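So you can see what is in the structure, the chains are spelled out below.
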Amino acid sequence: MKADWKRIDLLRRNASELEADAIEQYLTGNVGRRELLRYGATIGMSGAVLATLGLVPETTPRAQAAPANQTIRAGIEVPASAVDPVTTGDAGGLCMLQQVGEFLCIDGPDLVLRPALATSWKPNAKGDVWTFSLRQGVKFHDGRPMTADDVVATFDRLANPKNASNALSAFKGVLAVGGTRKVDDHTVAFHLDAPNGNFPYYTSSDNYNAIIIPADFKGDYEKSFIGTGPFKLEKYTAKVGASFTRFDGYWGPKALPARTEFTFYQGMQSKVLALQGRQVDIIVPVAVQGGQAILHDPRFQIIRLRSAAHEQVHMRTDMGALRDKRVRRAIALSLDRKGLVAGLFQGLSDLGNDSPFAPVFPSTNTSVPQRTQDIKQAKELLAAAGHAKGVNIKLTTEKYIEIPDYAVLIQNFAKAIGVNITLKVESQSAYYGKAVFGQSDWLDSEMGITDYGHRGVPNVYLAAPLKSDGTWNAAHFKNPTYDRLVASYVAALDLAGQRAVSKEIETLLLDETPVIFGYFYNYLSAAVKGLKGAQPTAMAQLFLQNATLS
Amino acid sequence: MSGLRFVLRRVALSLVTLWLLSVIVFLGAQVLPGDVGRAILGPLADPRAVAALDHKLGVDRPLLVQYWDWSSHFVTGDMGRSLVYRQPVGPFLAAALANSLKLAAIAFLLVVPLGIFGGVVAAMNVGRALDRIITVTGLSMTVVPEFVSSIVLILIFGVWLEWLPVSASWREGAGAFTQFRHLLLPAVPLVLVLFGYIARMARAGTVEALDADYTRTAVMKGLPFRTVVWRHVLPNALLPTITVIATQMGYLIGGLVVVETVFHYQGIGSLIYNAAKAKDFPMLESGVLMIGVVYTIATLIADVLYSLLNPRIRFGGRE
């Protein structure tokens, strides 16, 4: 695709301030194609503008013709509780929601937002009001049209603390009840608690509870599974499985498979065996631990997505030896990150640089040097902190995928610099406890390891675990400069502005090191060779409307 | 009448046992860390959302109120609603129990004759190579963890040879033969675990009975050896074996979490395990009591069989 310079000049003249800035950043080489695509999508830059820049074709043709009668079989984790758009927060449950429900926009595997039930969105100059234009002609599975009232009710329901909403922690300080307002039948304005340059992600598949459901929804979702998606419910049996059929009243291209079948599995091993025994065509997700049998089996394809999912190794900045940032830095410097990635993930992971800015985020400032293993410097730091003869630390963590192995590796790395770490590995419920300070091993332990799932933007990782008033601040890190920088980052509407702030944040966190971010692992799925067009996301969703099986 | 009184006394004792069990499970569930709201919403959920859900589910009420609420409904046949799945517990338990009973029945039908036969053959050949082979093989198989034997069996017969399905779950409406095919592979690890145990008990009982005075008398009376074994040795030799088999019923019905997980089978063992993890009290309590009932019935049947085979203990010491 070639850029059309005459049209580009015309675009520059007619573009909004944000769009003009984005075009300028791209043309001067400050941002690449992928970053511009992603940023352009976030601020609601139209497909026509991106096409003019030669970044995307004007229209995207569909890859395959539609075979009529195929059934695609998927194996997923058993939903941990009743499937409900308000409360569901586990991988199996949210995958079920996404089979029938749709979001205002979709956060794709490349982290680029794409229109879904909204056709476009724009912020005001300050970035605290975002206006979304809704797609017309969208129907729910019961035939009723989707309108702005449904969107307003959906977001008010999720932002209401009385509703046991799983999205409440995401919306805290971002969107409150009453903040979503109808402009007309097909336009909705979100009035935010504070300016937020990444707000569209909160309305996307990134915020997995935000599927649009009818305004009159009263609960008991498993009876209807109502939504606007390309599939509608055929049958759901709790703890066993579900099946869906093509929705002929769908607003977009009709789903290629006539039917999809989901079987629920408990744990990795039974899922892997089901794929090996050809009882399913695709399984999601696949962890390297437990999935080794199929990772290199030529009969299967591994769908690999870079993600921001990671484990945070927090170190209490207000307790014992870890109070001294030199001790924290020394432990971080003892880690052989490349070895970790090779050993724990067979290389299927990005390196972390002790900040939430994963390499997959366009706003990550890659000019900040990568922290690498340096035993000599680590020992010097320890000695300077008065611990030349060693120090004892207790690390508490949870039994979850690779975390116990990670804990042992950290223990071994730290031993090399004279830090003796004793481990306490416990069940997830014991580790998280009540999840409030004073009643949670996670939040009260001297040092710990906690899993964080994927997000399309780093906002949640930057705030809750690291801000002075963060509800997940296990490191008890209190730094006014950091808080101010995060507020600037969140409010920044342009990519260059975000990157400038992210450089300062990354540098500050490398110096303070309240949390070690050792790696950001890939999200893996496995499928039989003949399956094409199936699209998992790093949020455990699985889009099957374009899937075909040969 | 005495026989009826014996059974009634055992039933009354069983009811007290079940009530105690319900109290122990209830108190035990309170000791488990975490709460239902957080288990459903996830560890990172907002505390306000967790509190709202706990309130909605009624788990923020005093413990005694919760227990009374559940138990007063349970005695009327209402097992309550699952806190996690927000559906009545009854259908979940009925389906899971039916599945577990099917798997247990197949394993039982395979292992009991095999175990007894193996034990008797070993006893008849005490000290010889055949005895050693049966005893050592049985013991070795008993110590192999079920998840190891399960995965090996799946890889050989399910993945490599493709003779049997890798999953124990069948499609809706499947016939008896299809269900049997699905259950055959998961039944084998259970047979492997129990064979050695039952065979050893049967062997010990048979060796003892073969050495008993009444057996010697029967042989000296000139009875054919086969008749001696059937009429005099086996009825006495199998008494301890029957007790062992009965005590294994609880394991066969409710203790198959690993096998159910590996073979993707919706049995009552994994149902209870997951209910305990999620602190789904009505599901956990009803599930445990259901297994308690099955175990009690199995023990009662064993006691009755025992008393039929051994009239000396039939009427509680009034022989």
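Residues numbered from 1 in each chain as written. Chains lettered and ligands numbered in written order. Predicted model: local features only at pLDDT ≥ 70, side-chain atom pairs only at ≥ 80, totals over all residues. Heavy atoms only, no water.

Quick look at the overall build of chain A now. Counting its regular elements, chain A contains 18 helices and 23 strands. In chain A, which comprises 550 residues, the share counted as buried stands at 60%. The contacts of chain A with a sequence gap of at least 6 include a subset with a gap of at least 24, amounting to 69%. Entry remark: accessible area of chain A is about 19,900 Å², with carbon and sulfur atoms responsible for 52%. (Helix = DSSP H or I, 4+ residues; strand = E, 2+ residues; numbered from the N terminus. Buried < 20%, exposed > 50% of the residue type's maximum accessible area, 1.4 Å probe, protein only. Contact = heavy atoms within 4.5 Å. Areas by Shrake-Rupley, 256 points an atom, 1.4 Å probe, with all protein chains shown as cover.)

What follows concerns the overall build of chain B. Across its full length, chain B carries 13 helices and zero strands. Overall, chain B shows an N-to-C arrangement of helices and strands of α-α-α-α-α-α-α-α-α-α-α-α-α. Along the first, second and third principal axes, the C-alpha set of chain B runs to 85 × 60 × 35 Å. By the burial criterion, 48% of the 319 residues in chain B qualify as buried.

Residues and elements named next belong to chain A. Its domain assignment divides chain A into domain 1 (5-52), domain 2 (102-222) and domain 3 (310-521). Centre-to-centre separation of domain 2 and domain 3, based on C-alpha positions: 32 Å. At the interface, 16 residues of domain 2 touch 15 residues of domain 3. Contact between domain 2 and domain 3 buries roughly 1,200 Å² in total, counting both sides, with carbon and sulfur atoms accounting for 58%. Area buried by domain 2 at its contact with domain 3 is led by L111, N198 and D206, which between them contribute 42% of it. On the surface where domain 2 and domain 3 come into contact, there are zero salt bridges. Put simply, domain 2 and domain 3 have three residue pairs in polar contact (both at pLDDT 80 or more) between them. The residue inventory of the side of domain 2 that touches domain 3, partitioned by class, reads six nonpolar, six polar and four charged. (Domains from an automatic or database assignment. Buried area = accessible area lost by both parts, 1.4 Å probe. Salt bridge = Lys/Arg side-chain N within 4 Å of Asp/Glu carboxyl O. Polar contact = N/O pair within 3.5 Å; in protein donor to acceptor, adjacent residues only side chain to side chain. Nonpolar A, V, L, I, M, F, W, Y, C, P; charged D, E, K, R; others polar.)

We now examine the packing of helix α10 (residues 325-334) of chain A against helix α18 (residues 495-512) of chain A. All names here are of chain A. Orientation of α10 relative to α18, taken along the N-to-C sense of each, is 100°, at an axis distance of 7 Å. On the basis of their axis angle, the class for α10 and α18 is roughly perpendicular. Of the residues in α18, those in contact with K325, R328 and R329 of α10 are L510, D511 and E512. Residue composition of the contact of α10 with α18, by class: one nonpolar, no polar and five charged. (Axes fitted to C-alpha atoms, helices over the stretch in contact; angles between N-to-C directions. Parallel < 35°, antiparallel > 145°, perpendicular 65-115°, else oblique.)

Residue and element names in this part refer to chain A. As summarised here, the arrangement of the seven strands in space is β8-β9-β10-β1-β11-β19-β12, forming an open sheet in which the pairing is mixed. With partners counted over all chains shown, the strands left at the sheet margins are β8 (231-237) and β12 (300-305), one partner each. Neighbouring strand axes in the sheet, compared pairwise and without regard to direction, differ in orientation by 20° on average. Note that strand β9 (residues 241-246) and strand β10 (residues 259-265) share five bridges and pair antiparallel. Residue pairing in the sheet places S243 in a bridge with E261 of β10. Sheet strands in contact with helix α8 (residues 268-276) are β1 (71-77), β10, β11 (282-286), β12 and β19 (523-528), and its direction is about 150° off that of β11. The sheet contacts of helix α9 (residues 288-295) involve β11, β12 and β19, and relative to β11 the element is tilted by about 140°. (Pairing = 2+ DSSP bridges.)

Residues and elements named next belong to chain A. Reading across from one edge, β4-β5-β7-β6 is the order of the four strands in this open sheet, with antiparallel pairing throughout. Each having just a single partner strand, β4 (118-123) and β6 (180-184) make up the two edges of the open sheet. Pairs of neighbouring strands in the sheet enclose a mean axial angle of 25°, with direction left out of account. In terms of strand pairing, β4 meets strand β5 (residues 129-134) through five bridges, oriented antiparallel. Residue A118 lies in a different strand from β5, and its bridge partner there is L134. Helix-sheet contacts for helix α6 (residues 148-159) involve β5, β6 and β7 (187-191), and the interaxial angle to β6 is about 175°.

So, about the domain arrangement of chain B. Residue and element names in this part refer to chain B. Partitioning chain B into domains gives domain 1 (2-74) and domain 2 (90-309). Distance between the C-alpha centres of domain 1 and domain 2: 30 Å. If you look at the interface, domain 1 gives 22 residues, while domain 2 gives 17 residues. Taken over both partners, the interface formed by domain 1 and domain 2 buries close to 1,700 Å², and the fraction arising from carbon and sulfur atoms is 75%. Summed over the shared surface of domain 1 and domain 2, the result is zero salt bridges. Inspection of the region where domain 1 meets domain 2 yields two residue pairs in polar contact (both at pLDDT 80 or more). For the side of domain 1 that touches domain 2, the secondary-structure elements that each account for two or more residues are α1 (2-31), α2 (36-41) and α4 (63-74). Taken together, the residues of the side of domain 1 that touches domain 2 sort by class into 15 nonpolar, five polar and two charged.

Let us now look at the side chain of N365(A). Residue placement: N365(A) occurs in the loop between β14 (349-351) and α12 (375-384). Apart from the residues within four sequence positions on either side, N365(A) is in contact with R499(A), S502(A), K503(A) and E506(A).

Residues and elements named next belong to chain A. Burial of β11 is extensive: four of the five residues sit out of reach of the surface. Direction of pairing for β1 relative to β11: parallel, over a ladder of two bridges. Residue A74 lies in a different strand from β11, and its bridge partner there is I282.

What follows concerns the interface of chain A and chain B. Between chain A and chain B, the contact holds 44 residues from the first and 36 residues from the second. Summing both sides of the interface, chain A and chain B together bury roughly 3,400 Å²; the carbon and sulfur share of this comes to 58%. Connecting chain A to chain B are two salt bridges. The interface formed by chain A and chain B contains nine residue pairs in polar contact (both at pLDDT 80 or more).

Residue and element names in this part refer to chain A. Buried residues dominate β10, accounting for five of its seven residues. The sheet contact formed by β1 and β10 spans seven bridges and is parallel. Paired with E77 across the strands is Y265, a residue of β10.

V284(A) connects to P285(A) through a cis peptide bond whose omega is -20°. Note on placement: P285(A) falls in strand β11. Residue H476(A) is not a glycine yet carries a positive backbone phi of 55°. Its location among the elements puts H476(A) in the loop between α16 (459-463) and α17 (480-491). Residue classification places H476(A) among the buried positions, given a relative accessible area of 17%. The phi torsion at K279(B) lies on the positive side, around 55°, for a residue other than glycine.

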